[in-house]
Structure formats: C-alpha cells, structure tokens
Amino acid sequence: MRMCDAHCDTMMKIDEGLTCDFSFEKASACGGFLQIFACFTEDGESDAYFAALRKINRFLDFIREKDNCCVAYTPCAAKRITEAGGLAAVLSLENCACLEDDPENIYKFYNLGVRCITLTWNGANSFAGGCLERGGLTKRGRDLLQIAGRLGILVDVSHLNEQSFYDVLSEGSCKVFASHSSCAEINDNPRNLTDLQILKIYSRGGIVCACPNPPFLNGSRKAKREEFAQHIRHIMRLTDGRGAGIGSDCDGTENCCEWLKTTADYLNFDKVLEENNFTKFEIRDIFSCNFGRFFGICDKK
Ligand SMILES: [Zn+2]
C-alpha cells in the first residue's frame, strides 16, 4: 500500500456538486490507497440526520461508478482492496451532531459503512465539547462510545477540547486516534495536540495524523513544506517513529497549502520528506505502515 490519509472532506464537495481536489483516478491507480472520507456536519446544521444520510448515499452512488475503488467495511476488505492496488474508502462522521442526540442512531450509519466517528466539530453537541467550547464528555457521549467500542468503530479525537479529550481517553475500550491535528508544542492552535495528548493517544495504541493547514502549522494563512515536515518529525520523535500519519483535510478548507492540495501533491510529498532528512523507512511508516498497523491491515510490527 502506498498511502493512507486519515481525513478528507471530499464527500461534502460531491454532495454540493463541486470539483474535488481529491482525485479518485490517481488514488485508485497509485498502488494502494486508503482514504477516510468524512461526512461533515456543520455545528447548528438543520435536519442534520437526514442531511448526513443524503451525503453518504450520494457518495456511495458516486463511487459505485468508479473503477478500482470500494468501500471498506472491514480491515480485511481494506487490506484486500489496497493489496490489489485499489482505493479503499473508509467512511466516517465528522461531528456526531448528525445523530441528533440519540447514540443509537449510530447503528443506522454503521449499516451504511461508517467505521469512524469524530465526536464534535469545533462547537459542543450533546455528546462532547469541541475545541472552541467548554464542557466534557456527556452521559450520551459515554453511551455512544460504548456502542462504538462494541461495533469496533474508531474514535477520532481531533476537534475535541482538552476536557473531552481526557474524558474519552479514560473511557476504556475504544480505539482512539487523531485524524487531522498537528502539534501545539510548535504552534499553539486549539486544533493542535499537546505533547501529553500525543503521548496518551500513542500509549493507547493510537496514531496522530498531522494536518498541513497553515493555521495549524504556524498560525498564518501560508506555510512552507519544511514546517509540515517539522510537525511530522515532532510526532515521530514522541512516538518512537510509530505513531505519526497524515490527515490531509483535502477538500476541507480554503486555507490549505497551495503546494499540498491535490492527490498528486500528496503522492509526491515523499520527495519533500526525503529532502527534510526522513529515511525511506520513516516515509513508508508515515505514509502507510503506521496507519495500516493501527487500522489492522499492515503486518509490519
Ligand atoms: Zn475537521
């Protein structure tokens, strides 16, 4: 497998009929690509439950037409698809506000293929508090995590505030990871993670997927390639080289780096890491093995 990317918002663009920076053609022809496709719900979005069902159904219709691309309902399926060189699409919910206060609604989305949940966006919902709000994990949030643990749904802690983050990590059985966050030690942005948070995720067997949005990298609207490499290096150092991945946020923001926007840019990013003194083994770990191991599709220990 050549590439794993833990977060993109391409589903949102498909729903709106817009042109995507994510290329299904390039991803399904590169020699194995695993992409988590998020179904994003805006804070305060009306009819969020039905809107989320619509977004996922449109996405499923869209990829039905695509060659060499399948929804991965299990890690085994993701392994088979990527070993055959194709694109394994893993579905997630970004902001469980679309469950409209009822944790049991997750079953409906699970049955459509959702295998990962980001509990909040930046605001609070009935399950937890996001990074721009106060408040931790609620009773409903705990119930949702119990169901997620039972179904094997991955729990994404990107977007949570610190209180919710530590509440989630104290809850036991779920597999946790951060799908698109960078390092607060380098740039103190509320969407970034402190060193302690990164260590906690790693000690639970999780992974932190660095995100190249300039506001996360340096607080401005522009960033250099080396700055993204520096955030990845920081996570690698904290996690013995085994807990860093990439969460591109492709199609998710206007604020992206112009040099790291499309699938082609991502597939060429290994050269940038090489220039920044990452070894071939480290690059393979960052691009695919670390996430693959976390997800259960990579045999490399
Ligand atoms: Zn996001």
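Please refer to the structure higher up on the page.
Here's what I pulled together on the structure shown here.

Definitions and limits used
Residues numbered from 1 in each chain as written. Predicted model: local features only at pLDDT ≥ 70, side-chain atom pairs only at ≥ 80, totals over all residues. Helix = DSSP H or I, 4+ residues; strand = E, 2+ residues; numbered from the N terminus. Rg over C-alpha atoms; globule rule 2.2 N^0.38 Å. Contact = placed C-beta atoms within 7 Å. Buried ≥ 20, exposed ≤ 12 C-beta atoms within 10 Å, placed from the backbone. Expected span 1.5 Å × (residues − 1). Bend = angle between axes of the 7 residues up to and from the residue. Pairing = 2+ DSSP bridges. Arc of directions from axis to C-beta. Core = buried A, V, L, I, M, F, W, Y, C linked by C-beta atoms within 7 Å. Right-handed = clockwise from strand over helix to strand, strands pointing away.

Description of the overall build of the protein
Then comes step 1: Counting its regular elements, the protein contains 13 helices and nine strands.
Then comes step 2: Radius of gyration (C-alpha) of the protein: 17 Å, near the 19 Å computed for a compact globule of 301 residues.
Then comes step 3: Once the C-alpha set of the protein is aligned to its principal axes, its extents read approximately 50 × 45 × 35 Å.
Then comes step 4: Nonlocal contacts in the protein, meaning residues at least 24 apart in sequence, comprise 70% of its contacts between residues at least 6 apart.

Brief notes about the environment of Leu217
Then comes step 1: Structurally, Leu217 is set in helix α9 (residues 214-217).
Then comes step 2: On the basis of neighbour count, Leu217 is assigned to the buried category, with 25 C-beta atoms found within 10 Å.
Then comes step 3: For Leu217 and His231, which are 14 residues apart along the polypeptide, the C-alpha to C-alpha distance reads 7.3 Å.
Then comes step 4: The contacts of Leu217, once residues within four sequence positions are left out, are Ser182, Asn187, Pro212, Ala223, Glu227, Phe228 and His231.

Let's talk about unusual backbone geometry
Trans is the common state for peptide bonds, and a negative phi is the common state for residues other than glycine.
Then comes step 1: Phi is positive for Glu100, which is not a glycine, with a value near 45°.
Then comes step 2: Secondary-structure assignment places Glu100 in the loop between β4 (87-94) and α5 (106-112).

Examining helix α13 (residues 280-295)
Each turn of an α-helix holds 3.6 residues, which means side chains three or four residues apart point in the same direction.
Then comes step 1: Taking 1.5 Å as the rise per residue, α13 with 16 residues should run 22 Å; its terminal C-alpha atoms sit 21 Å apart, in good agreement.
Then comes step 2: Ile286 marks where α13 bends most, by close to 55°.
Then comes step 3: Those residues of α13 that fall on the buried side of the exposure criterion are Asp285, Ile286, Phe287, Ser288, Cys289, Asn290, Phe291, Gly292, Phe294 and Phe295.

Describing the pairing of strand β1 (residues 3-8)
Then comes step 1: Summarising burial for β1: six of the six residues are buried, a large majority.
Then comes step 2: With four bridges connecting them, β1 and strand β2 (residues 33-40) associate as parallel partners. Bridge pairing in β2 places Cys4 opposite Leu34.

With respect to helix α6 (residues 139-151)
Then comes step 1: With 13 residues, α6 should reach 18 Å at 1.5 Å per residue; the first-to-last C-alpha distance of 19 Å fits that figure.
Then comes step 2: Burial in α6 covers these residues: Gly141, Leu144, Leu145 and Ala148. Buried positions in α6, seen along its axis, are confined to an arc of 100° and lie on one side of it. Opposite the buried face of α6, at more than 90 degrees from it, the exposed residues are Lys139 and Arg150.

Observations regarding the environment of Phe127
Then comes step 1: Tracing the backbone through its elements, the reader meets Phe127 in the loop between β5 (114-118) and α6.
Then comes step 2: C-alpha separation for the pair Phe127 and Cys69, spaced 58 residues apart in sequence, amounts to 33 Å.
Then comes step 3: For Phe127, the contacting residues outside a window of four places in its chain are Cys96, Leu119, Thr120, Thr138, Arg140, Gly141 and Leu144.

Thoughts on the nonpolar core
Then comes step 1: Counting residues in hydrophobic clusters, the biggest one holds 94 residues, and the most contacted among them are Val90, Val155 and Val208.
Then comes step 2: For Val155, the contacting residues outside a window of four places in its chain are Ile117, Leu145, Ala148, Val168, Cys174, Lys175 and Val176.

A few points about the pairing of β5
Then comes step 1: Of all five residues in β5, five are buried, a share of seventy percent or more.
Then comes step 2: Pairing geometry for β4 and β5, over four bridges, is parallel. Pairing of Ser92 across the sheet is with Cys116, part of β5.
Then comes step 3: After leaving β4, the chain enters α5 and then returns to the sheet as β5, a path that is right-handed.
Then comes step 4: Of the strand pairs in this sheet, β5 and strand β6 (residues 154-156) are connected by three bridges, and their pairing is parallel. From the neighbouring strand, Thr118 faces β6, where its bridge partner is Asp156.
Then comes step 5: Once the chain exits β5 it traverses α6 before rejoining the sheet at β6, and the crossover so formed is right-handed.

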